[in-house]
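Remarks on the overall topology
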Amino acid sequence: MERSSEEEAPTDEEDGDQAACLMRTPGRSEDEEVKVTPACKPFTGGVPEPSMDISALRLCRELVRQDPEKSEIGPTSGVMSESQTEVVEPERDAPSVSPSSLVETCSPSPSSLSSYFSSKHHHLDLSSSSSSSSSVLSLTPPLPPSVELSALLTDTKLTLDVYQGGAAALPLLWRSVPGQLRGLQYLRLGSEDQPAVDAALEVLPHLTELRSLAVRGHCFYDSHGDPLPGLLTTLPTSVSSLSDLVHLDLSFNRLSCLPSCLLSLPVLSSLLLCNNHLSALPPDIGQLSSLTYLSLLGNELVSLPQSLGQLQALHTLDISHNLLQQLPDEIGSLEGLVKLELSHNKLKQLPESMGSLLALRELVIYSNDIRLIPHCLNKLPLLKIDVRDNPLGRPPTPPPLPPAPKRAETKVQELHLGFNQHSFCVSSAGCHVFLPGGAELLFPPGCLVTTTRLKWVEKRPERKWVRLEEHDILLSRPLELSPHGITFLKPVEVCVPYHRTKRREVVVQKFDGESWSTLPTALRRGSEGHSSHPGGRPARLACCSVSQFSWFMAVSRPVKDSCSVTPAGALLVSSADPGVKLQFPPDSTLQTRSITLQVLQVSVSEVQALCGDPQARVSPLLCLSQTPSIDFLQPIKVQIPLPPGVTGHTVDTSCLHLLHGDPTAQTWTDITSQVSLDVTHLYAIFYITHFSWYWLWYTTQRCVGGVVRKVYQRLKQFKVQFLVLQRKTDPSQVMLQCLPSSKVESRVQSLSERYDGPQPSDLCDLLEGEQFFAGFEKGLDISTESPDCVAGRLCFVFYSSMKNLKEVYICPDQGQKGPVRGQVSFYRGEIPSNLPEEVARKRKGPDSQWLSTLPLRLPALNSENNFIMEEHQYPPLNLGDPESGYLTEANLLSISLQITKDWRVIGINLGLSYQELDRIQFKYKDNLGALVLEMLFHWARGQSSAGPGAASRLVAALMESGRTDLAEEIEDIVSIGRRKYSESLRRVGLEEGSSSLAEAQQ
């Protein structure tokens, strides 16, 4: 708030009897002033200007009270309540004060200070007394009402780093109360505001009694919670006049070099330059002979000057988190050094001169590249050394090889193989081989000495030797490359095609005859012009470099994050979900351990449907493993996100359950009561010493362990549907497919031009790698010599991301004539031991392994034992009978043309099953007219054995379906037909009656 005086302040010679104190009264606005004349004159001359308000007077009294040598005036209250107006005046018996001393203390304008510490607005504001120009500084957050001037300014200390931009108050205070500031010994400033800190630096040379000065960044935070950096880049040379300065803190700023003025501070003993941008120290830093504490943590120092050894008084030296590669020998001259901090540098060795540091008690050198501790340090029996995270005892790392000269790339020969070409030759010149299906093999020049014949074959994945981990998914058929014993002189690149996966990583695994191992994998697109489908995009390839041939396959898995944990501790953050963190404290292990973290995302809606709890929520599933597998010595801190929709403010902790999973026994145990589960706003934190699986649930159900076990087993399964399709040009060629339900629609659309058949089967559940059989029954046989066909059954192994299909030829059983109607049934093979019971329980009795059955129909055989491709011709279809109603085929055709999208409702009311309607819709889904006609005639053909009244049933179904117009039309047709039929009966009846009478008379 600004105020300007209405008249000039009276001089010392002018009469001051009418000096007034300004104040506010209740009911008046801020700008209204009430002039109150004190009962007696507290001063004999040099009174303040009439515009000084009550806050300024209170401030002046406080300043006078803080300097008892200048005045003996006792404290007086300058606080007024809102309910009354109180005249503020000094005590009558108080001795007078020298006008000059008061003017010196409050000069030039105490009203500017009253604006600065306004109790009305609670802002820290300073305003100039000039009537023509004024400046107002507002600080955020505002000064609380309870904070008095003494909280910021005492006899010898001024704290201005508690409010953002507080450094700008220093020059305004200097203009207002310079006498008070001249005695300052301790000053703290924030450096986050560049204009404010520049203005404050101009005042520093006048504060000659300063002993401690702090100009730091990171005192405040932005809206995102990040600290505001300091903006100080240098100090003015006039700072060298601070001859009494003992402590100086310039941390968290932007200093790129040490200000030269600091070298002229004779008694400086503590210097903090942490987290700046210092790349070097001046060579004359040894002039700071009084320095006992020096911190250069978090800079960019590459080396130290030799003059550092002249700091004989130095007790503590912190040069951690820099880029030091070596130390000068002169460091051994620091005879008084007690603690030396060198962690997180690039030191490879320590100088022998450190053996002279007889006072050294603590040496911290962890996280460097030191391989040998000098023997000279053994002479210091009281020395404690922290050597964690150093390659002690290991041989030195050889220097990197010079880069090889770039050679012109030689384009190797390309070789494109067909499905029936399973061998090829590779010479010493190399070759780029393209296999059917998208796989590629790149043989570099010089990988072989002589021309060698190599072979390839895609193997059928069998559960007995294709072993996947718990959450792995097979993306390709195993590719066998032989001969296995051959060794290449240069690595050969093997690229296996795979299908896209979401939120999972893809790796290539290699089989050595006993177990599978994961190879370093690079993902890329295949070569242009080579696609698994003509005209399609190049295949996605998972590539690895190998020196020997073996079996290879592409596998997707949850992203694996790994790290090595040493006794120094570590932090592991999931790359799939950054909210998942593992923090390993120091001394949690005595030996280096390999840690692996996998985060498995789980659909909340799927969990709710499986467990029957609409309130259920789950966090990501954590899969933790380690080598070696022994408990940790210290608890490991685990942070995981809270389940979706759950926050720390709204969570009901009684519904929060932490589950421990045993991957071997497939069990889940509620361990909530055994751990300390802390909940923040977004995360849950707990501590463990044993690694396994952990899953955080939020549910209202009891017996959570059993529910989680069932849900987890169901989540491992795939919703699967079966297809049986026949080639339109050759119905004897049948394609069997087994697909996840999400892929059925797109697959059927892509095959609709070439294949035809029944609709997909109902959903069933399968596990990755599960075996099942397809058997042809009711007059159908397999006419193929496939090796996986036994006794009319064809063997499958289901993998969710592969094309689970087989094309076979089928024929009628011996002795069958005419069109053959049969079916193909799918059965389970070997039931896995951990298969949930509800999956296998599809039928009772001996057919308990049945999965689904789909119909199949072959055309008739002609005299040459070939299939007749023409569709079987049905006789003309006439519906009903003359007595109850009669509809000809022409009538049915006319009615079908008037049925539109309500055909399904009409079919249901006609008594057709949902399965029959689904099959009709699948077969004619792109042709509404053919679909309606098939529905209507399919029902009509079935009425031949249903007895009389078919037309009446059709009328009732149309009425029930809301098609009264068609029902009335049919009734009219039937009525006309009955009349014609009755008339014909009369004529026929009369003729029959006369003939029978004649016979009776004879």
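Details of the structure are given in the entry above.
To keep things clear, this report deals only with the structure shown in the data block. (Residues numbered from 1 in each chain as written. Predicted model: local features only at pLDDT ≥ 70, side-chain atom pairs only at ≥ 80, totals over all residues. Heavy atoms only, no water.)

**Digging into the environment of Pro227**
- Mapped onto the elements, Pro227 comes out in the loop between strand E5 (212-216) and strand E6 (247-249).
- Relative accessible area serves as the criterion here: at 32%, Pro227 is assigned to the partly exposed category.
- Along the primary structure Pro227 and Gly217 are separated by ten residues, whereas in three dimensions their C-alpha atoms are 8.2 Å apart.
- In contact with Pro227, other than residues within four places in its own chain, are His218, Phe220 and Tyr221. (Helix = DSSP H or I, 4+ residues; strand = E, 2+ residues; numbered from the N terminus. Buried < 20%, exposed > 50% of the residue type's maximum accessible area, 1.4 Å probe, protein only. Contact = heavy atoms within 4.5 Å.)

**Let's talk about the side chain of Ser825**
- Tracing the backbone through its elements, the reader meets Ser825 in strand E47 (residues 820-828).
- Judged by its relative accessible area of 1%, Ser825 falls in the buried class.
- Leaving out residues up to four positions away in the same chain, Ser825 has contacts with Phe773, Ala774, Gly775, Glu777, Ser852 and Thr853.

**Some thoughts on the packing of aromatic side chains**
- Taken as a whole and assessed by the stated rule, the structure comprises 23 aromatic pairs.
- Between Phe718 and Phe798 the ring centres are 5.8 Å apart and the planes differ by 65°, which places this aromatic pair in the edge-to-face class. Residue Phe718 is found in strand E38 (residues 717-727), and its partner Phe798 is found in the loop between strand E45 (793-797) and strand E46 (805-812); the two are separated by 80 residues along the sequence. The pair Phe718 / Phe798 is uniform in exposure class, with both members buried.
- In this structure an aromatic cluster arises from ring pairing among Trp668, Trp693, Trp695, Trp697 and Tyr712.
- In this structure, Arg388 is placed above the aromatic ring of Tyr366, and the distance from its NZ or CZ to the ring centre is 4.8 Å. (Phe/Tyr/Trp six-rings, centres within 6.5 Å; stacked < 30°, edge-to-face > 60°. Lys NZ or Arg CZ within 6 Å of the ring centre and 35° of its normal.)

**So, the state of the cysteines**
- Taken as a whole and assessed by the stated rule, the structure comprises one disulfide.
- At a sulfur-sulfur separation of 2.4 Å, the disulfide partner of Cys495 is Cys543. The S-S bond linking Cys495 to Cys543 shows a torsion near 115°; that makes this disulfide right-handed. Highlighted residues: Cys495 in strand E20 (residues 487-498) and Cys543 in strand E24 (residues 540-548), separated in sequence by 48 residues. For the residue pair Cys495 and Cys543, the accessibility class agrees, reading buried in each case.
- Of all cysteine sulfurs in the structure, the one in Cys431 sits closest to Cys425, which takes part in no disulfide; the separation is 9.8 Å.
- Residue classification places Cys425 among the partly exposed residues on the basis of a relative accessible area of 37%. (Disulfide = S-S within 2.5 Å.)

**A word on the pattern of salt bridges**
- Under the counting rule described, the total for this entry stands at 16 salt bridges.
- When the shortest N-O distance is used, the salt bridge between Arg524 and Glu493 registers 3.9 Å. Taken together, the residues span a long stretch of sequence, with Arg524 in strand E23 (residues 522-525) and Glu493 in strand E20 at a distance of 31 residues. (Salt bridge = Lys/Arg side-chain N within 4 Å of Asp/Glu carboxyl O.)

**Digging into helix H4 (residues 169-176)**
- Judged by how many residues are buried, H4 sits mostly within the fold: seven of eight residues are covered.
- Considered for burial, the residues of H4 that qualify are Ala169, Leu170, Pro171, Leu172, Leu173, Trp174 and Ser176.

**A look at the pairing of strand E34 (residues 667-670)**
- In the sheet, strand E33 (residues 656-662) pairs with E34 via four bridges, with the strands oriented antiparallel. Considered in E34, the bridge of Gly661 is made with Trp668.
- Between E33 and E34, which pair antiparallel one after the other, the connecting turn spans four residues, and Gln666 there sits at a positive phi close to 55°. (Pairing = 2+ DSSP bridges.)

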